[in-house]
Amino acid sequence: MATTAIPVEREHYLNTDYGIRSWLLATDHKRIALLYLVTITLFFFIGGFFALLIRLELLTPAGDLVLADTYNKLFTMHGQVMIFFFLIPSIPAVLGNFLVPMMVGAKDLAFPRINLLSWYLLVGAGVLMLHCIITGGVDSGWTFYTPFSTAFSNTKVIEAGLAIFIAGFSSILTGLNFVVTIHRMRAPGLTWSRLPLFIWAHYATSIIQLLGTPVLAITLLLVVFERAFHLGIFDPTRGGDPLLFQHLFWFYSHPAVYIMILPAMGVVAEIIPCFSRKRIFGYSAVAMSSIAIAVFGFLVWAHHMFVAGISLYSAMIFSILSYLVAVPSAIKVFNWTATMYKGSIHFETPMLYAMGFIGLFTVGGLTGLFLAALGIDVHVTDTYFVIAHFHYIMVGGAVMGYLGGLHFWWPKISGRLYPEWLGKFAALTVFLGFNLTFFPQFILGYLGMPRRYWEYPAEFQVLNVLSTAGSTILAVGYVLPMIYFLWSMRYGKIADGNPWGAAGLEWKTTSPPPTDNFREIPEVSWEAYNYDEIPSPAEVPVGR
Amino acid sequence: MSEPILSSKLYVGIWAALMCLTVITASVAFVDLGPLNTVVALVIATFKALLVVLFFMHVKYTSEKLTKMVIVCALFWLLILLFLSLADYGTRAMTRT
Amino acid sequence: MADSPPLAVEHDEGLHHQFVDREQQRNAASLGMWLFLGTEVMFFGGMFCAYLIYRYWYYKEFAAGSRSLDIWLGTTNTAVLICSSLTVALGVRAAQMGKRKLLVLLLLLTLVFGLGFLGIKGVEWYDKYVEHHIPGASFSAQDLIEQYPQLHIDPAPTQIYFSLYFAMTGLHALHMIVGVGIFCFLTYYAWRGRYTPQYHTPVEIGGLYWHFVDLIWIYLFPLLYLIDRKPLK
């Protein structure tokens, strides 16, 4: 008779069917979420590998590790893989897919087979991208600026462009699925104002995906056509305008950064109230801010083009609009902080990531305002200042939000607890490694070190060495969760339905959930974040 | 089920209107109206589009406000792209020294 | 017309398990298609933006390029698509009324019109090929320069016009081909009796897609063919 209390296995989404076919032909949103988890983790490490090579090259001022052309390929493919194959899918495709139906009280998304198609599109695009990387790579910069990408580059621009084109459709279909699910499949009693902010965030994200990604699709297609058929649409020697490419490209690629950050904000909005044992402060403000970010985010794209040759008057308009778009983000930061005020704070791993998010995202966001100022932008554009700015948001913000969300919902996803002390250790490692990597880059940029340069003046070396040192610490911080999450699936402490004592419909079912999510579809009669009614978990869940 | 069944006469009537408008727009193109040629062509095209959307695509008869919201948003976003891009191109001459 | 609910929900095989009832399923499908059409507006919209900018910059070359298109073939094609939209609309109506044979006939007619459109487009493109107006290595605007000396056009911007012409009509034709494919499936399933007054959602949303392709053409026609047709002095 076993003394370790492992309960008799009841049926849930993981054990309901075994075998590779049951996974590759899965229509269960939870299984598809895990398929995505595996895929994007692979791409995260590929993109991370390129980052490592970049940082190794930059240890010394001379270009002595790789050739200049190779370095161009490294930063290009680092950007493309990280943005299109890791960040854009990450939270929506993994956590969103898993949680959106559960949070609205549905059995699945509106279109489960389209959900599976989305995954296959990403995988297909990824295979094409990998082929491109292995057979020579691409060196145009992730931004594909013309006419270099269309007329002068000798690398596989067409293949990379097509890979990203296909990945875009994966993103569009995910967004479509979420919007229809949220509109049409909410449980009885679940009005819009009772929805978790995670749902509002994903709704806003999906709107951006639907309206913005198609423009990227047509733009990349035009680049492919131009390169393949020697057209002259973006070639200045043949009457074309390279700025037209940039307008079309950034029309998507700026809102794309909101695709990357809004879901992370949604994660943070779930974690903070839970670990402060308090209702979110300013629910409506946060919900409306998500929508505002989605809308305003489409009005600012030419701030990437201030020095490219657009008219001064349009630059001024875009500068003012860029200041405006910071306001809803700031409102969210204030509301999260106000939620923590006089709350009963618990510093579990998800909370550490969420708090790290708030600090790092704020730094990233504020430095964005520096860049939005025309006068300052002239000096720091295309320097490491920009690189530090967006890494603070993408890595300090989005990736920390993703990791925090993975830790928070891991018990629900796997039915196991990860080892808490290791989780805290990894979170702190990530935070330390991150700041050591990227803070020196603000200084480097301010001092004038340009981006995308494979060699640099000797006076910049110390800061570059600090940055590279930080990146190795950061890498350790990222590898640790991979290891202990896998470990926990076999040896982790068994989780009950609601180990954190959190609000939200997903916590009202078992961990892991059954395939249809709920025994019975709940009828909702309570407001979101009703932490005054939910007791704290009896003991802090500590893994062994 | 929730959508009413429209009469075939209505559909044929809309079809006839669309055919007439097509002939008109092609014919007017040969008349010199100066810059108004483009305006007239686009106005006629928009009117034809409205007929297709409202009647053939049943938008006039649907009770779903969300459908109309989707159409309006898509068009509005397209206008954002066109208008703000044009704001650059249209003002470049002004800043050329 | 009120539907009586199915006797036992578990046995309603046409109802996918994530939905509560048929109406929710139908509303979801409809919203999904409208959202997809919204994305298509933005997809074509990117090209409309490029078109807008370059027409603003190179009006003369766009005018000359436009004149080189056959306005009669273009007008005929517009009429063909409008006819196809009529047959689609009448087809949805037939499905709503449960008239299977009429539905199949109308869907087949739609296919005929659709293929007719593609055929005429093929003829037009062949003409462009013969006139060396296809962008690329063999492009030549010399014939237009000589034909319209009063316009004073340059060859490079003229190639931009034709690049956009082929990109826009090409992608439109591609959407048309997809539409034809979808309607082949619809015709087959209609013939097999799959669509009833209670369930004909695929016909409805397939119809929405077809009408959308017609809508794009309604704008492409004046923008590409009717830029400047007034008699030249």
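Values in this document were obtained by computation on a predicted structure and should not be read as measured data.

Trainee: Please give an account of a nonpolar patch on the surface that cites residues and values.
Mentor: Residues and elements named next belong to chain A. On the surface, F45, V479, M482, I483, L486 and M489 cluster together to form a nonpolar patch covering roughly 510 Å² of accessible area. Ranked by residue count, the leading element in the nonpolar patch is helix α16 (residues 461–491), at 5 residues. Relative to the assigned elements, V479 resides in helix α16.

Trainee: Please set out helix α15 (residues 420–447) of chain A residue by residue, giving values where relevant.
Mentor: Given 3.6 residues per helical turn, the α-helix brings residues three or four places apart onto the same face. Between its first and last C-alpha atoms α15 of chain A spans 41 Å; for 28 residues at 1.5 Å apiece the expected length is 40 Å, and the two agree. Of the residues flanking the end of α15 of chain A, it is G448 of chain A, one or two places downstream, whose phi is positive at about 115 degrees.

Trainee: Could you give an account of the confidence of the model for chain C, naming the residues involved and the relevant values?
Mentor: Keep in mind that low pLDDT regions are not for reading the predicted coordinates in detail. Residues and elements named next belong to chain C. When pLDDT is averaged along chain C, the result is 92; 95% of the residues meet or exceed 70. Scored below 50 in pLDDT, residues 1–9 shows 6 contacts in the model against residues more than four places distant or in partner chains. Confidence metrics for the complex model read pTM 0.94 and ipTM 0.93.

Trainee: An account of the pattern of salt bridges is needed here, citing residue identities and associated values.
Mentor: Inspection of the entire model under this criterion finds 15 salt bridges over all chains. The partner of D241 of chain A in a salt bridge is R92 of chain B, and the shortest N-O contact between them spans 3.4 Å. Placement of D241 of chain A in the loop between α8 (197–229) and α9 (242–276) and of R92 of chain B in helix α3 (residues 65–95) is noted, with the two residues assigned to different chains. A salt bridge links E420 of chain A to K424 of chain A; the nearest nitrogen and oxygen atoms lie 3.3 Å apart. Taken together, the positions of E420 of chain A and K424 of chain A, both in helix α15 and 4 residues apart, correspond to about one turn of that helix. The class for E420 of chain A is buried, based on a relative accessible area of 4%.

Trainee: Explain α8 of chain A to me, and be specific about the residues and the numbers.
Mentor: All names here are of chain A. Here α8 is 33 residues long and its end C-alpha atoms lie 47 Å apart, about the 48 Å a rise of 1.5 Å per residue gives. Of all the bends found along α8, the most pronounced is centred on G212 and spans about 30 degrees, while P214, a proline, follows it within four residues. The buried fraction of α8 amounts to 29 of the 33 residues, a majority that puts the element mostly inside the structure. H230 occupies a position one or two residues after α8 and carries a positive phi of about 55 degrees.

Trainee: Give a detailed account of the interface of chain B and chain A, specifying residues and quantitative values.
Mentor: The interface is formed by 15 residues belonging to chain B together with 21 residues belonging to chain A. Per-residue buried area on chain B facing chain A is highest for W77, L81 and L84 of chain B; these three make up 37% of the total on that side. At the junction of chain B and chain A, the tally comes to 2 salt bridges. In this structure, the salt-bridge partner of E64 of chain B is R184 of chain A, at a minimum N-O distance of 2.9 Å. At the boundary of chain B with chain A, the tally comes to 7 residue pairs in polar contact (both at pLDDT 80 or more).

Trainee: Describe the packing of aromatic side chains, and please don't skip the residues or the numbers.
Mentor: According to the stated counting rule, one finds 68 aromatic pairs over all chains in the structure shown. Ring centres of F165 of chain A and F169 of chain A lie 5.1 Å apart, and the angle between their planes is 75 degrees; this geometry places the pair in the edge-to-face category. One end of the pair is F165 of chain A and the other is F169 of chain A, both in helix α7 (residues 157–184) and 4 residues apart, which spans about a single turn. On the accessibility criterion, F169 of chain A (28% relative accessible area) is partly exposed. Where F275 of chain A meets W500 of chain A, the ring centres are 5.3 Å apart and the plane angle is 65 degrees; that geometry is what we call edge-to-face. Remark: W500 of chain A occurs in the segment after β2 (493–494) and F275 of chain A occurs in helix α9; sequence separation between them is 225 residues. Taking relative accessible area as the criterion, F275 of chain A reaches 2% and is therefore assigned buried. One aromatic cluster is present, built from ring pairs that chain together F198, F275, F408, W409, W410, Y418, Y484, F485, W500 and W507 of chain A. For the cation-ring pair, K508 of chain A lies above W526 of chain A, with the distance from its terminal atom to the ring centre recorded as 5.0 Å. The ring centre of Y89 of chain B lies 4.1 Å from the NZ or CZ of R92 of chain B, which sits over that ring.

Trainee: Hey, could you go over unusual backbone geometry for me, with residue numbers and the actual values?
Mentor: All names here are of chain A. Omega for the peptide link from T146 to P147 comes to -5 degrees, which places this bond in the cis form. As for its position among the elements, P147 is in the loop between α5 (112–134) and α6 (148–152). Cis peptide bonds are those with omega within 30 degrees of zero, and the linkage from S511 to P512 qualifies with -10 degrees. With phi around 60 degrees, R452 is a residue other than glycine that occupies positive phi space. With respect to the element layout, R452 can be found in the loop between α15 and α16. Not every positive phi belongs to a glycine, and N517 is a case in point at roughly 75 degrees. Within the element layout of this structure, N517 appears in the segment after β2.

Rules used in this analysis
- Residues numbered from 1 in each chain as written.
- Chains lettered and ligands numbered in written order.
- Predicted model: local features only at pLDDT ≥ 70, side-chain atom pairs only at ≥ 80, totals over all residues.
- Heavy atoms only, no water.
- Patch = residues over 30% accessible without salt bridge, like charges linked within 9 Å, V, L, I, M, F, W, Y side chains within 5 Å.
- Areas by Shrake-Rupley, 256 points an atom, 1.4 Å probe, with all protein chains shown as cover.
- Salt bridge = Lys/Arg side-chain N within 4 Å of Asp/Glu carboxyl O.
- Helix = DSSP H or I, 4+ residues; strand = E, 2+ residues; numbered from the N terminus.
- Expected span 1.5 Å × (residues − 1).
- pLDDT = per-residue confidence, 0-100.
- Contact = heavy atoms within 4.5 Å.
- Buried < 20%, exposed > 50% of the residue type's maximum accessible area, 1.4 Å probe, protein only.
- Bend = angle between axes of the 7 residues up to and from the residue.
- Buried area = accessible area lost by both parts, 1.4 Å probe.
- Polar contact = N/O pair within 3.5 Å; in protein donor to acceptor, adjacent residues only side chain to side chain.
- Phe/Tyr/Trp six-rings, centres within 6.5 Å; stacked < 30°, edge-to-face > 60°.
- Lys NZ or Arg CZ within 6 Å of the ring centre and 35° of its normal.

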